[in-house]
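Now for the letters of each chain:
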Amino acid sequence: MAEQVDLLGMDRPALEAFFAQLGEKPYRAVQVMKWIHQRGVADFDAMTDISKALRQKLKAIARIKTPRIVTEQRSQDGTIKWLLEVDQHNFIETVFIPEKDRGTLCISSQVGCALDCRFCATGKQGFNRNLENWEIIAQMWVATKALDSDPKRNRRITNVVFMGMGEPLLNVTHVFPAANILMDDNAYGLSKRRVTISTAGVVPAIDKMSRELDACLAVSLHAPNNALRDELVPINQKYPLEELMPALHRYVEASSHKKHIVIEYVMIDGVNDRLEHAEALLALLKGLPCKVNLIPFNPFPGSPYQRASNNQVHRFQRVLLQAGQNCTIRKTRGDDIDAACGQLAGRVKDRTGRQQKYQPIRMDAIAL
Ligand code: SAH
């Protein structure tokens, strides 16, 4: 028997094409999307507005595969972290962060990460593979279902950020359709202002995103000059600031409503948190519609850095604010369960050899 196709990861055009091949009307795609994503149904037999004959056919050729929840950890602050098994060797992490007025789901796009940013635990795990569409959207499916069955019932996912494990812009083939499912009214119906792709700066993919995906962009800048950024975010050696910054301007120009970009800046004690870094950052961002989000560094076992003090973070913020640059400080959430930014490690069957012997990856070896 030919392999069954996965319906969980199909966006609307893909599902419509699938049903067209079966000689079915396009509205079948909408029906099935609603069953899967709005009602959390993974069993064709439960799809009662679809004829028995069609259900039988679907069961034979298609499947709605969902990952096994290995663990669910709850932080004192309400943050929830799930470890999900995507295949025998690979496990990814997904985090839900409740706030007063919203609930953010932080999802993974790859098993591990090839970029090896110096301050990130995921990079230290090495890299195995891209996640498929269904594995990406399954994180939303699982979390929505888990929160729906929560007795408190007052938590909802209002925002999704691709800030879990992996570099989403090195996996656009699977990330873009998954993002479209998040924003589809027949699925999760999130607004394009509430779905954010975060990138370490993959320049060609930023241009691709501005043509192909209408969602928000966040950029992990972390340093205001090439010398420092080369060290902290090694993909800077391939796409240095003189290529990245024009790409960000192009991105804003191309968007119809002049989108703001979020600039992420991790605050590491004595490394990038000096006031002269703040001044240099201001100069670099001049003329770019953006909001700076300062992230106090979250330590992990073996990390070489310390978190900048609260005082220093606030001083840095003040320099930006006084110059009229919008700037917020990210609250650290879920660090008691290792769910904070940069602490997601999952379990990765590494193929880079990094787990055995630490070695920086060659930037020219990264395939787009
Ligand atoms: N690869 C993407 C998304 C994953 S990381 C990217 O680079 O943007 C999400 C955010 O957490 C990024 O801004 C990343 O730089 C930041 N981060 C990683 N490790 C961190 C750490 N130890 N402490 C604080 N933030 C960290």
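Since the model is a prediction, treat every value here as computed from it, not as a measurement. (Residues numbered from 1 in each chain as written. Predicted model: local features only at pLDDT ≥ 70, side-chain atom pairs only at ≥ 80, totals over all residues. Heavy atoms only, no water.)

A. Highlighting the environment of Leu-284. When you line up the elements, Leu-284 lands in helix α10 (residues 275-285). The class for Leu-284 is partly exposed, based on a relative accessible area of 21%. In this structure the C-alpha to C-alpha distance between Leu-284 and Pro-26, which are 258 residues apart in sequence, comes to 48 Å. (Helix = DSSP H or I, 4+ residues; strand = E, 2+ residues; numbered from the N terminus. Buried < 20%, exposed > 50% of the residue type's maximum accessible area, 1.4 Å probe, protein only.)

B. Quick look at the site of the ligand. Close to the ligand lie 21 residues, the nearest being Phe-119, Ser-198, Ser-220, His-222 and Asn-298. Interatomic distance of 2.7 Å between a backbone N/O atom of Phe-119 and a nitrogen atom of the ligand. Surface burial for the ligand is 96%, taken as the share of its 540 Å² of free accessible area covered by protein chains. Broken down by secondary-structure element, the contributors of at least two residues to the shell around the ligand are β10 (195-199), β12 (261-267) and β13 (290-296). Residue composition of the shell around the ligand, by class: eleven nonpolar, eight polar and two charged. (Near = heavy atom within 4 Å. Polar contact = N/O pair within 3.5 Å; in protein donor to acceptor, adjacent residues only side chain to side chain. Areas by Shrake-Rupley, 256 points an atom, 1.4 Å probe, with all protein chains shown as cover. Nonpolar A, V, L, I, M, F, W, Y, C, P; charged D, E, K, R; others polar.)

C. Spotlight on the pattern of salt bridges. This model, assessed by the stated rule, comprises 20 salt bridges. When the shortest N-O distance is used, the salt bridge between Asp-6 and Arg-63 registers 2.9 Å. Of this pair, Asp-6 sits in strand β1 (residues 5-6) while Arg-63 sits in strand β2 (residues 62-63); the two residues are 57 residues apart in sequence, bridging distant segments of the chain. With its nearest N and O atoms 2.8 Å apart, the salt bridge here joins Glu-135 to Arg-129. Residues participating in the shared-partner salt-bridge network are Glu-3, Asp-6 and Arg-63. (Salt bridge = Lys/Arg side-chain N within 4 Å of Asp/Glu carboxyl O.)

D. View of the packing of aromatic side chains. Enumeration according to the criterion identifies four aromatic pairs in this entry. On the basis of an interplanar angle of 35° and a centroid distance of 5.2 Å, the ring pair of Tyr-265 and Phe-316 is categorised as tilted. Separated by 51 residues along the polypeptide, Tyr-265 in strand β12 and Phe-316 in helix α11 (residues 310-322) bring together distant segments of the chain. Overall, Phe-316 belongs to the buried group, its relative accessible area being 0%. Ring geometry for Phe-297 and Phe-300: centres 6.5 Å apart, planes at 65°, overall edge-to-face. Neither Phe-297 nor Phe-300 differs from the other in exposure class; each is buried. One aromatic cluster is present, built from ring pairs that chain together Phe-297, Phe-300 and Tyr-305. The ring of Trp-35 has Arg-39 sitting right over it, with the charged end atom 4.1 Å from the ring centre. (Phe/Tyr/Trp six-rings, centres within 6.5 Å; stacked < 30°, edge-to-face > 60°. Lys NZ or Arg CZ within 6 Å of the ring centre and 35° of its normal.)

E. Quick peek at the domain arrangement of the protein chain. Under the domain assignment used here, the protein chain contains domain 1 (5-63) and domain 2 (68-358). Each of domain 1 and domain 2 has a C-alpha centre, and the two are 32 Å apart. Domain 1 puts 15 residues into the contact, and the matching count from domain 2 is 13 residues. When domain 1 packs against domain 2, the two sides together hide about 1200 Å² of surface, and 57% of this comes from carbon and sulfur. Three residues stand out in domain 1 for area buried against domain 2, namely Leu-8, Gly-9 and His-37, and they jointly supply 40% of the buried area on that side. On the surface where domain 1 and domain 2 come into contact, there are one salt bridge. Here Arg-12 makes a salt bridge to Asp-184, at a shortest N to O gap of 3.0 Å. (Domains from an automatic or database assignment. Contact = heavy atoms within 4.5 Å. Buried area = accessible area lost by both parts, 1.4 Å probe.)

F. Up close: the pairing of strand β9 (residues 159-162). Neither face of β9 is exposed, since Asn-159 and Val-161 on one face and Val-160 and Phe-162 on the opposite face are all buried. Here strand β6 (residues 103-106) pairs with β9 via three bridges, running parallel. Each residue of the ladder has a partner; that of Cys-106, found in β9, is Val-161. As judged from the three bridges shared by β9 and β10, these two strands associate in the parallel manner. Bridge pairing links Val-160 to Val-195 in β10. (Pairing = 2+ DSSP bridges.)

G. Quick look at the sheet that holds strand β11 (residues 216-220). If you trace the ten strands from one edge of the open sheet to the other, you get β3-β4-β5-β6-β9-β10-β11-β12-β13-β14, paired in mixed fashion. Edge positions in the open sheet fall to β3 (68-74) and β14 (327-329), since each of these has one partner strand only. This sheet shows a mean twist of 20° between the axes of neighbouring strands, independent of strand direction. Most of the contacts of α11 go to β14, to which it runs at about 165°, and overall it touches β12, β13 and β14. (Axes fitted to C-alpha atoms, helices over the stretch in contact; angles between N-to-C directions.)

H. Seen up close, the nonpolar core. Core analysis: the biggest nonpolar cluster contains 118 residues, and Leu-7, Phe-119, Leu-169, Leu-248 and Ile-263 have the highest contact counts within it. With ten residues, the single largest contributor to this core is helix α5 (residues 133-148). The two domains that each donate at least three residues to this core are domain 1 (5-63) and domain 2 (68-358). Every residue in contact with Phe-119, bar those within four places of it in the chain, is listed here: His-222, Leu-232, Val-233, Val-266, Ile-268, Phe-297, Phe-300 and Tyr-305. (Core = buried A, V, L, I, M, F, W, Y, C linked by side-chain atoms within 4.5 Å.)

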